[in-house]
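One-letter residues, chain by chain:
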Amino acid sequence: MMDKHNLILFPEVKRTGFVHTVMRKGLDWAGARRVVQMVAAKKWTILMMTIGFLLGRATILETLSPFAIAFFAVVYFMRKDAYRLVGIAIIAGSSLALTPAPAWIALELVVFFLLVKGLEAYERAELSYAPLLVFVSTLLVRLFATVVGDALNWYELMIIGVEAGLGFVLTLVFVQAIPVLTLTKKTSSLKNEEIICLMILLASVMTGAVGWVVYGLSTEHIMSRYLLMLFALVGGAPLGASVGVITGLILSLADLQSIVQMSLLAFAGLLAGLLREGGKFAVAFGMLLGTSILSIYIGSSTDVMASTWESVAAAALFLLTPKSVFRTIARFVPGTVEYTKSQHEYAKRVRDVTAQRVTQFSEVFRQLSRSFAHLGVPVQEQQKKKDQEIEHFMNTVGERTCASCHRRGACWDGKFYKTYQVMTEMMHSIEDGRRPHAKSLPREWTAHCVKPQQVLTVMQQQYELYKHDLHYKKQIHDSRQLVAEQLSGVSQVMEDLAKEIKREGQELHLQEEQIHEALQGLGLSIQSVDIINLEEGNVEIEISHTFGRGFDECRKIIAPLLSDILGEHIAVKTERHPEQNSGPASVLFGSAKEYEVETGIAGAAKGGDLLSGDSFSTVELGNGKFAVAISDGMGNGERARMESSTALTILQQLLQSGMDEKLAIKSVNSVLLLRSSDEVFATVDVALIDMYTAKTTFMKIGSTPSFIKRGNEVIVITANNLPVGILQEIDVDLIRIQLLPGDTLIMMTDGIFDAPGHAVNKEMWMKRVIQEIEQSDPQEIADRLLEKVIRQHDGQIIDDMTVVVARVDKHQPEWATFRWPGVSKLERPRTVS
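Just so it is clear, the structure is predicted and the values come from calculations on it, not from any experiment.

Before we move on, can you summarise the overall build of the protein chain with the specific residues and values?
Summing up its helical and strand segments, the protein chain has 27 helices and 16 strands in all. In the form shown here, the protein chain has an accessible surface area of approximately 44,700 Å², with 58% of it arising from carbon and sulfur atoms.

What follows is the structure, given as structure tokens:
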């Protein structure tokens, strides 16, 4: 009652005690948080110290300790911030070993440290010297110990050489393993050698636990079986068996009575890996089964029970391990799902960064194009600039003619406006090209000026200079306009490339797995399936296989099956076989074209010469379009051939790069216009046929009409445009026509079209000639048409003649699509990342 009364009378005492308690707990929590943060910041240093302690304690063949100095050497070069603490931990572990030798271990570390400092003085201390330094340090210290102990004999010398050699090899192993263990390796995948080195490091660490027994259970046995299950779940039977063999081998070297552990762990790792598909419980069961079976054959009942309890302890520890540990390890092991996902994520990041950089470059080129294109000057500025030019023109003429004239004051001071008017009329007459003779000069000129002929002469000279100046200004303007158009075209191409890169960044793992399972179900040995693009009409799938040549499974089986899964015809685009027979072959499958184009060409040079001024091209552009082009250079012979071939070559390259058709034509026009001051031009006639829809785009620049033969009907395609290379600004009219299967496209130069002469309607005559040709083969049509024209001129070839014929037909796949039971249709992604 007294205490309660006191609390009621003095509530501030209770409140003060509560505050003190809360503050004390807050300080405890803050201190604990700081400790946790400090441990998290030094976690890798603590891990290195722990490993150093165990490796300092580890021995093999009862007397050899090659692990300590090898680990210290690698830590010194790779983690210089922690080598002092690691060295102390190694010496501490050595003092607690089964055969303690901390003095000799410390001496080895000191000798190594002195050798490294000596190399640093000459700037030669590199990681590549670490194995050799470890070998020399171990050899010197062990020889000194043997001499001091008066036990020098051939056996001791051999043991010293073995220990030094093991230190050399272990240094090389730890160089590969430590970056993997500390997750500081630069690449995201591990080689087989790196995985083996990591296993050796972990097994070496376990030897440091030899002799530790907890409730009658061997610590190193529990750790080895836990490690075995960890890698068996991640990598399957091969990795589990490998871990078992390596761990068992090193443990048997540390404890000769554990020689049976190698076979026991190898068999247990194999069983655990085979059951990995069942998850953690199945892996644990496989390990328990493997260790129990072999322990029955190789030990007594006591050993069997001890081995069983050790396996149970390891399994319990394994089952308590969080999934994040398995996912982290699996990300570095090739062949795992996590590794594949990490690779896809890495590739996606690379694609996103690349697309972003390409987009930035595209914007840079677009801004440059705008800066070059903004050449327009406002009307007021133009008028002001023109007035300044006229004023400069008048001043120059006045300085050269009126400065020395005796009437200068009377003309410019007394009659300024009249003088300016007379000189303006003189300037207009020079501009109009009608300079009058001395006898026909206007009266007001002769009445006002005493030497009008001299003024006109100077004006004409200045006007010629003015015209040259305007010409060069126009050249500069045209050049800048060309640069602006080219930069705009490059910007558009790069923007399309960025979109293509982003489109390839789709998550298509499910579709790839579905195709892979379908092909595996057919019994085909498929290594990988990579979907590049699933856009309808533009499918690209790359498949790697290992079956031999000769049976053509790709065209006969895989392509028809993909056609059924995707719902469109798929064909083999390219096929790359390995240089060595053991490697996989890579095959690229893509959307089969719905239409195919067959072409025929016939031509003749003027007068029967070998070189014609006409050029032609029939090429698949690679973007689902087929180009049929023909060009006629001005005149005949080599110069005309060069101009026409230049126009077609530049145009083809621009179209293949993805540039817009109109911009490509304008670029060709600008190039031909600027490359020579002579009057050089060429006609361009291009037909772009879409191989998937048969929609055809005609670009006719100064060319003759083209004709489409559809059954008995002949359709004329015409456009009124000047040839390229004449004017800076040209109008490009695009004509789009839907072709039908069986249509025949006929394109020709003026040597063919002008054959009937001026007295005949050329289009009607050509239509009649084409209708009379009964052949359907494009080459035969071209030959017959050329023959008809030459006969029209009694066998004379009066001009360069070229005719290109293209026939559009429906594409017929070589192998029919077949339906495979159990294979469902592929669902295309609806969104693009």
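Could you give me a rundown of the packing of helix H10 (residues 219-254) against helix H11 (residues 261-274), with the residues and numbers involved?
The geometry of H10 relative to H11 is characterised by a closest axis approach of 9 Å and an angle of 30° between their N-to-C directions. What the angle tells us is that H10 and H11 run roughly parallel. Its residues assigned to classes, the contact of H10 with H11 shows 14 nonpolar, 10 polar and one charged.

Give a description of the environment of Met78 that names residues and reports values.
With respect to the helices and strands, Met78 occurs in helix H4 (residues 67-78). Residue class for Met78 comes out partly exposed when judged on its relative accessible area of 33%. In the structure, Met78 is positioned 100 residues away from Ile178 in sequence and 8.8 Å away in space, judged by C-alpha atoms.

Just give me the short version of helix H23 (residues 637-656), but keep the residues and values in it.
Given a rise of 1.5 Å per residue, 20 residues ought to cover 28 Å, and the 28 Å separating the end C-alpha atoms of H23 matches this to within 8%. Regarding H23, the residues found buried are Ala640, Glu643, Ser644, Thr646, Ala647, Leu648, Leu651, Leu654 and Leu655. Looking one or two residues past H23, Gly658 carries a phi angle of roughly 100°, positive in sign.

Outline the sheet that holds strand E11 (residues 695-701), supporting the account with residue identities and numerical values.
Ordered by their spatial adjacency, five strands build an open sheet running E8-E9-E10-E11-E14, and the pairing between neighbours is antiparallel. Either end of the sheet is taken by a strand with one partner, and the two such strands are strand E8 (614-620) and strand E14 (734-738). Taken over all neighbouring pairs, the strand axes of this sheet differ in orientation by 15° on average, direction set aside. Alignment of E11 against E14, held across five bridges, turns out to be antiparallel.

Could you give an account of a nonpolar patch on the surface, with specific residues and numbers?
A cluster of nonpolar side chains, namely Leu270, Leu274, Leu275, Phe285, Leu289, Ile293, Ile296 and Tyr297, defines an oily patch on the protein surface of about 790 Å² accessible area. Among the elements of the structure, H11 and helix H12 (280-298) are those that each provide at least two residues to the nonpolar patch. It is H12 that provides the largest number of residues to the nonpolar patch, a total of five residues. For Leu275, the location among the structural elements is in the loop between H11 and H12.

Residue-level account of the sheet that holds strand E6 (residues 585-591), with values.
Strand pairing in a sheet relies on backbone hydrogen bonds. The paired strands run either parallel or antiparallel. Ordered by their spatial adjacency, four strands build an open sheet running E3-E4-E6-E5, and the pairing between neighbours is antiparallel. Looking at the sheet topology across the chains shown, the edges are occupied by strand E3 (526-533) and strand E5 (570-576). For this sheet the average axis-to-axis angle between neighbouring strands, irrespective of direction, equals 20°. Here helix H21 (residues 509-521) sits on the sheet and contacts E3 and strand E4 (540-545); the angle it forms with E3, its principal contact strand, is near 140°. Each of E3, E4, E5 and E6 touches helix H22 (residues 553-566); the most contacted strand, E5, lies at about 135° to it.

So what's going on with the confidence of the model for the protein chain? Which residues, and what values?
When pLDDT is averaged across the protein chain, the result is 78; 80% of the residues are at 70 or more. Below a pLDDT of 50 lies the segment residues 1-15, which in the model reaches one contact outside its immediate sequence neighbourhood of four places, other chains included.

Describe in detail the nonpolar core, supporting the description with residues and values.
Residues Phe71, Phe112, Phe174 and Met229 are the most contacted members of the largest nonpolar core, which totals 77 residues. Core analysis: the next-biggest nonpolar cluster, separate from the first, contains 23 residues, Trp765, Val769, Leu785 and Val789 among them.

Quick rundown of the pairing of E6? Include the residues and the values.
Most of E6 sits inside the fold, with six of its seven residues counted as buried. Pairing of E4 with E6 involves six bridges; the strand directions are antiparallel. Across the sheet, the residue bridging to Glu540 is Gly590, located in E6.

Mind laying out the side chain of Ser631, listing which residues take part and the relevant values?
Looking at where Ser631 falls in the secondary structure, it is placed in strand E9 (residues 625-633). By relative accessible area, Ser631 is classed as buried at 0%. At 2.7 Å, the side chain of Ser631 forms a polar contact with the backbone oxygen of Thr683. Setting aside its immediate chain neighbours within four residues, Ser631 contacts Gly613, Asp614, Ser615, Ser644, Ala647, Leu648, Ala682, Thr683 and Val684.

Can you explain unusual backbone geometry? Please cite residues and give values.
For Glu123, which is not a glycine, the phi torsion comes out positive at approximately 55°. Inspection of the secondary structure puts Glu123 in the loop between helix H6 (102-121) and helix H7 (130-148). The phi dihedral of Ala694 falls on the positive side, at around 65°, and the residue is not glycine. Within the secondary structure, Ala694 sits in the loop between strand E10 (682-690) and E11.

Hey, could you go over the packing of H4 against helix H8 (residues 154-181) for me, with residue numbers and the actual values?
The contact between H4 and H8 brings their axes to 8 Å, and the two run at 45°. On the basis of their axis angle, the class for H4 and H8 is oblique. Pair H4 / H8 crosses with right-handed handedness. Across from Phe67, Ala70, Phe71, Val74, Val75 and Met78 in H4, the residues of H8 making contact are Gly167, Leu170, Thr171, Phe174, Val175, Ile178 and Pro179. Class assignment for the residues of the contact of H4 with H8 results in 11 nonpolar, two polar and no charged.

Which residues make up the packing of aromatic side chains, and what are the values?
Per the stated rule, a full pass over the model turns up 12 aromatic pairs. Between the aromatic rings of Phe72 and Phe112, the centroid separation amounts to 6.0 Å while the plane-to-plane angle is 80°, which identifies the pairing as edge-to-face. You can see Phe72 sitting in helix H4 and its partner Phe112 sitting in helix H6, a full 40 residues away along the chain. Given a relative accessible area of 1%, Phe112 falls into the buried group. Chaining the aromatic ring pairs together yields one cluster made of Phe72, Tyr76, Phe77, Tyr83, Phe112 and Phe113.

Tell me what's going on with H6, and back it up with residues and numbers.
Over its 20 residues, H6 runs 29 Å from end to end, which matches the ideal 28 Å to within 8%, given 1.5 Å per residue. Inspection of H6 places Ile105, Glu108, Leu109, Val111, Phe112 and Val116 among the buried residues, and these make up the whole buried set. Along the axis of H6, the buried residues cluster in a sector spanning 160°; they form a single face. In H6, the exposed positions angled more than 90 degrees off the buried face are occupied by Ala103, Leu114 and Ala121. Packed against the buried residues of H6 are H4, helix H5 (83-95), H7 and H8. After H6 finishes, the residue Glu123 shows a positive phi value of roughly 55°.

Parameters at a glance
- Counting of residues starts from 1 at the beginning of each chain's written sequence and follows it residue by residue.
- Local features in a predicted model are, by the rule used here, given only for residues with pLDDT of at least 70; side-chain atom pairs are given and counted only at 80 or more, and totals for whole chains, interfaces and linings are based on all residues.
- Side-chain numbers here rest on the full set of heavy atoms in the structure, without hydrogens or water.
- The helix count covers DSSP runs of H or I at least four residues long, the strand count covers runs of E at least two residues long, and both are numbered beginning at the N terminus.
- Surface accessibility follows the Shrake-Rupley procedure with a 1.4 Å probe radius. Residue values consider only the protein chains on display as shielding.
- Under this scheme, a helix contributes an axis fitted over its contacting stretch, all axes are lines through C-alpha atoms, and angles between N-to-C directions fall in the 0 to 180 degree range.
- When describing relative orientation, an angle under 35 degrees is termed roughly parallel and one over 145 degrees roughly antiparallel, while 65 to 115 degrees is termed roughly perpendicular and anything else oblique.
- Gly counts as polar in this scheme, as do all residues outside two lists: the nonpolar Ala, Val, Leu, Ile, Met, Phe, Trp, Tyr, Cys and Pro, and the charged Asp, Glu, Lys and Arg.
- For every residue, the accessible area obtained with a 1.4 Å probe (protein chains only) is divided by the maximum for its type, and the residue is called buried under 20%, exposed over 50%, and partly exposed between those limits.
- Helix span, expected: 1.5 Å multiplied by one less than the number of residues in the helix.
- Two strands qualify as a pair provided DSSP detects at least 2 bridges between them.
- Exposure above 30% relative accessible area and no salt bridge define the residues that can form patches, which grow by joining like charges within 9 Å and nonpolar side chains of Val, Leu, Ile, Met, Phe, Trp and Tyr within 5 Å.
- What makes a salt bridge here is a side-chain nitrogen of Lys or Arg within 4 Å of a carboxyl oxygen of Asp or Glu, nothing more.
- The contact criterion used is simple: two residues touch if any of their non-hydrogen atoms lie within 4.5 Å.
- Each residue carries a pLDDT value, the predictor's own confidence for that position, ranging from 0 to 100.
- Think of a nonpolar core as a cluster: buried Ala, Val, Leu, Ile, Met, Phe, Trp, Tyr and Cys residues, connected wherever their side-chain atoms sit within 4.5 Å.
- Under this definition, polar contacts are N or O atom pairs within 3.5 Å; protein pairs additionally need one hydrogen-donor-capable and one acceptor-capable atom, and for neighbouring residues in sequence, both atoms have to be side-chain atoms.
- Should the near helix be turned anticlockwise from the far one by less than a right angle, the crossing is left-handed, and should it be turned clockwise, the crossing is right-handed.
- Each pair of aromatic rings taken from Phe, Tyr and Trp, with Trp reduced to its six-membered ring, is defined by centres within 6.5 Å and is described as stacked if the planes are under 30 degrees apart, edge-to-face if over 60, and tilted in the remaining cases.
- Note that the arc is computed from the directions linking the helix axis to the C-beta atoms.

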